[in-house]
Amino acid sequence: MEYVKLKEQLDIYLKKLFPITRSITGEGNRETLRILQEIIPLQILEFPTGQKVFDWTVPKEWHIRDGWIKNSRGEKIVDFQKSNLHVVSYSKPIHFRGRLSEFRDKIHYLEHLPDAIPYRTSYYNEDWGFCISYNDFQKYFSENEEYELYIDSELFDGSLSIGELRISGKSEKEYLISSYICHPSMANDSLSGVLVTAFLAKYLLENREKLEHSYRILFVPETIGAITYLANFQKEMEKIDNGLVITTCGGTGKFGYKQSWEKDNFINQLIEDTFRESGIEDFLIYPFDVHGSDERQYSSQGFRINCATITKDKYYEYPYYHTSLDNLDFVLAENLEKSLELYKKVVMKMDKNIVYRNRYPYGEVMLSKHDLYPKTGGAILPGSSVSALEIILNILFYADGECDLFEISKKIGADIELVYREAKTLEEKGILERV
Ligand code: ZN
């Protein structure tokens, strides 16, 4: 196959996936997952309507064919075919004629962003509605005119779709990487996250031979999808300690990251290190709070997975959030590529964070006997301020089955990649064993 640059591939898939009508359930989600299968070998899992998942129930499948409002002259003044944001996601079918006063509470617009069509959903109570720009509202609607309103949708017993890819590395210890696929035509929230996740997964697959950890990569509808997956794979998910929830990383604004629920967890420090190493000093820090995305489910009491999120124009924060202006003029493939490169670095560092136990806890091993005394003595390793000898001595001292390599790297001020390299040598010599 002809070599296509990463940025161009991101651009191709942005354009391909952007127009699809996604929701918490439905054919648009399946179509999205099938397109992602061109990038990575995803499994598409289906969970039937009505399945009990913890305190929730898998909802009905939603299908929409059309939706419009016609004025008294029969002209379409709102048309789902022009933007899938025009119909409130998960709207039930309707068809009637009426004056504005009879349906005014079903029309949504944003006075402060008069060109934008807002994004609205009505998932857990059966309702309907239309979303339009404030400019169009002023232009097309008046009190005395009669309108015809039509939504051709269907809610039926079907299933909820989740994309899953498991990549096994040397250890069965898994990391979670999750993104959500329930948003229709908006690029930063959430297409940016979907594509960065897919291409990060592709990168992990290409580097599979080197991976120390295993990876569980998920594409779920937000909240209900995460809960459905957790309920169906509870035992396996309980064993995961860390993860990434990838979203809103394609904007033009500053980089930032949302911390995992335990502020002192290594993943937060590791992300900050990665920013600084990449020359990004002025990144934003969002301390954990319960609002946000699926980290709330993954970090809930029964699971407590520490999930962080790198953002470039974080949800809630950018003015186009949840509107039609979150489009492909706002999100460019080159921004996605920058975020993807950061995520690759973060994951490759996370991957090397292994917990070892020194098999010789009584006194120090005789380094020269194991051919471990560095030939260069205490020479400083390139790109750091420590020597191989210092790293080895610290690993031997701290690797007690609890202290991980990241913690050791912090104690001595060396990059985890260097500490990992020396630890691997000690493991090969039979001095360290993995916990
Ligand atoms: Zn959103």
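Conventions adopted
Residues numbered from 1 in each chain as written. Predicted model: local features only at pLDDT ≥ 70, side-chain atom pairs only at ≥ 80, totals over all residues. Heavy atoms only, no water. Pairing = 2+ DSSP bridges. Helix = DSSP H or I, 4+ residues; strand = E, 2+ residues; numbered from the N terminus. Axes fitted to C-alpha atoms, helices over the stretch in contact; angles between N-to-C directions. Disulfide = S-S within 2.5 Å. Buried < 20%, exposed > 50% of the residue type's maximum accessible area, 1.4 Å probe, protein only. Expected span 1.5 Å × (residues − 1). Arc of directions from axis to C-beta. Contact = heavy atoms within 4.5 Å. Phe/Tyr/Trp six-rings, centres within 6.5 Å; stacked < 30°, edge-to-face > 60°. Lys NZ or Arg CZ within 6 Å of the ring centre and 35° of its normal. Parallel < 35°, antiparallel > 145°, perpendicular 65-115°, else oblique. Left-handed = near helix turned anticlockwise from the far one by under 90°. Nonpolar A, V, L, I, M, F, W, Y, C, P; charged D, E, K, R; others polar. Core = buried A, V, L, I, M, F, W, Y, C linked by side-chain atoms within 4.5 Å. Domains from an automatic or database assignment. Salt bridge = Lys/Arg side-chain N within 4 Å of Asp/Glu carboxyl O.

How would you summarise the sheet that holds strand 14 (residues 255-258) if you had to cite specific residues and measurements?
Taken together, eight strands build an open sheet; the order of strands is 1-10-12-11-13-16-14-15 and the sheet is mixed. A single partner strand is all that each edge strand has here, and the edge strands are strand 1 (43-48) and strand 15 (284-286). Sheet twist, expressed as the mean angle between neighbouring strand axes with direction ignored, is 20°. Relative to strand 16 (residues 306-312), strand 14 runs antiparallel, the two being bridged by four bridges. Paired with Tyr257 across the bridge in strand 16 is Ile310.

Go over the state of the cysteines, please, and point to the residues and values.
Under the defined criterion, the tally for this structure stands at zero disulfides. Looking at the unpaired Cys131, the closest cysteine sulfur is the one in Cys182, lying at 15 Å. In this model Cys182 remains outside any disulfide bridge; the closest cysteine sulfur is found in Cys249, 15 Å from its own. Classification of Cys182 as buried rests on a relative accessible area of 2%.

Report on helix 8 (residues 266-277), specifying residues and quantitative values.
Note on helix geometry: an α-helix contains 3.6 residues per turn, so any two residues three or four positions apart are oriented the same way. Taking 1.5 Å per residue, twelve residues should reach 16 Å; helix 8 reaches 16 Å between its end C-alpha atoms and fits that length. Considered for burial, the residues of helix 8 that qualify are Phe266, Ile267, Asn268, Leu270, Ile271, Glu272, Asp273, Thr274 and Phe275. Phi turns positive, to about 80°, at Gly279, one or two residues after helix 8.

Describe helix 1 (residues 6-17), listing the residues and the values that go with them.
Here helix 1 contains twelve residues, and its C-alpha end-to-end distance of 16 Å stays within 8% of the 16 Å for a straight helix at 1.5 Å per residue. For helix 1, the full list of buried residues reads Leu6, Gln9, Leu10, Tyr13, Leu14 and Leu17. Along helix 1, the residues classed as buried sweep out an arc of 135° about the axis, all on the same side. Where the residues of helix 1 are buried, they touch helix 2 (27-36), helix 5 (187-206) and helix 10 (333-351).

Outline the pairing of strand 9 (residues 146-156), listing residues and values.
Where strand 4 (residues 61-70) meets strand 9, nine bridges bridge the pair, whose relative direction is antiparallel. Bridge pairing in strand 9 links Gly67 to Ile151. Direction of pairing for strand 6 (residues 94-99) relative to strand 9: antiparallel, over a ladder of six bridges. Its bridge partner being in strand 9, Phe96 is matched across the sheet by Leu149.

Go over the packing of aromatic side chains, please, and point to the residues and values.
According to the stated counting rule, one finds 29 aromatic pairs in the structure shown. With 4.9 Å between their ring centres and 90° between their planes, Tyr315 and Tyr316 make a pair best called edge-to-face. Above the ring of Phe255, the side-chain terminus of Lys312 is found at 5.3 Å from the ring centroid. Over the ring of Tyr398 we find Lys411; its NZ or CZ atom is 4.5 Å from the centre of that ring.

Explain the packing of helix 11 (residues 388-398) against helix 12 (residues 405-412) residue by residue, including any values.
In a packed pair of helices, the relevant descriptors are the angle between the two axes and the axis-to-axis distance. Viewed as axis vectors pointing N to C, helix 11 and helix 12 meet at an angle of 130°, and their least axial separation amounts to 10 Å. Taken together, the axes of helix 11 and helix 12 are oblique relative to one another. The hand of the helix 11/helix 12 crossing is right-handed. Listed contacts from helix 12 to Ile391, Asn394, Ile395 and Tyr398 of helix 11 are Ile408, Lys411 and Ile412. Class assignment for the residues of the contact of helix 11 with helix 12 results in five nonpolar, one polar and one charged.

Lay out the nonpolar core in plain terms, naming residues and giving numbers.
Note on soluble globular proteins: their nonpolar side chains tend to be buried together. Core analysis: the biggest nonpolar cluster contains 86 residues, and Leu36, Leu195 and Phe219 have the highest contact counts within it. Tallying contributions element by element places helix 5 first for this core, with ten residues. Listed in part, the 54 residues of the second largest apolar core include Ile24, Tyr147, Ile151 and Met237.

Any chance you could break down the domain arrangement of the protein chain for me, citing the residues and the numbers?
By the assigned domains, the protein chain splits into domain 1 (2-59 + 159-351), domain 2 (63-155) and domain 3 (355-434). Between domain 2 and domain 3, the C-alpha centre-to-centre distance is 64 Å.

If you had to explain the sheet that holds strand 18 (residues 400-404) to someone new, which residues and values would you point to?
Pairing in this open sheet of three strands is antiparallel, and the strands run 18-17-19 from one edge to the other. Only two strands of the sheet have a single neighbouring strand rather than two, namely strand 18 and strand 19 (432-434). With strand direction ignored, the average angle separating the axes of adjacent strands in the sheet is 40°. The pairing of strand 17 (residues 355-358) with strand 19 spans three bridges and is classified as antiparallel. Considered in strand 19, the bridge of Tyr356 is made with Arg434. Across the face of the sheet, helix 13 (residues 416-428) comes into contact with strand 17 and strand 19 while running at roughly 100° to strand 19.

Give a detailed account of the pattern of salt bridges, specifying residues and quantitative values.
For the structure shown, the criterion picks out 34 salt bridges. Here Arg65 makes a salt bridge to Asp152, at a shortest N to O gap of 3.1 Å. Of the two residues, Arg65 is situated in strand 4 and Asp152 in strand 9; the sequence distance between them amounts to 87 residues. Residue classification places Arg65 among the partly exposed residues on the basis of a relative accessible area of 40%. Here Asp152 falls in the buried class, since its relative accessible area comes to 19%. Where Glu433 meets Arg357, a salt bridge forms, and the shortest distance between an N and an O atom there is 3.3 Å. In this pair, Glu433 sits in strand 19 while Arg357 sits in strand 17, placing the two residues 76 residues apart along the sequence. What makes Arg357 partly exposed here is its relative accessible area of 36%. Among the charged side chains, a network of salt bridges with common partners joins Glu27, Arg30, Arg34, Glu46 and Glu61.

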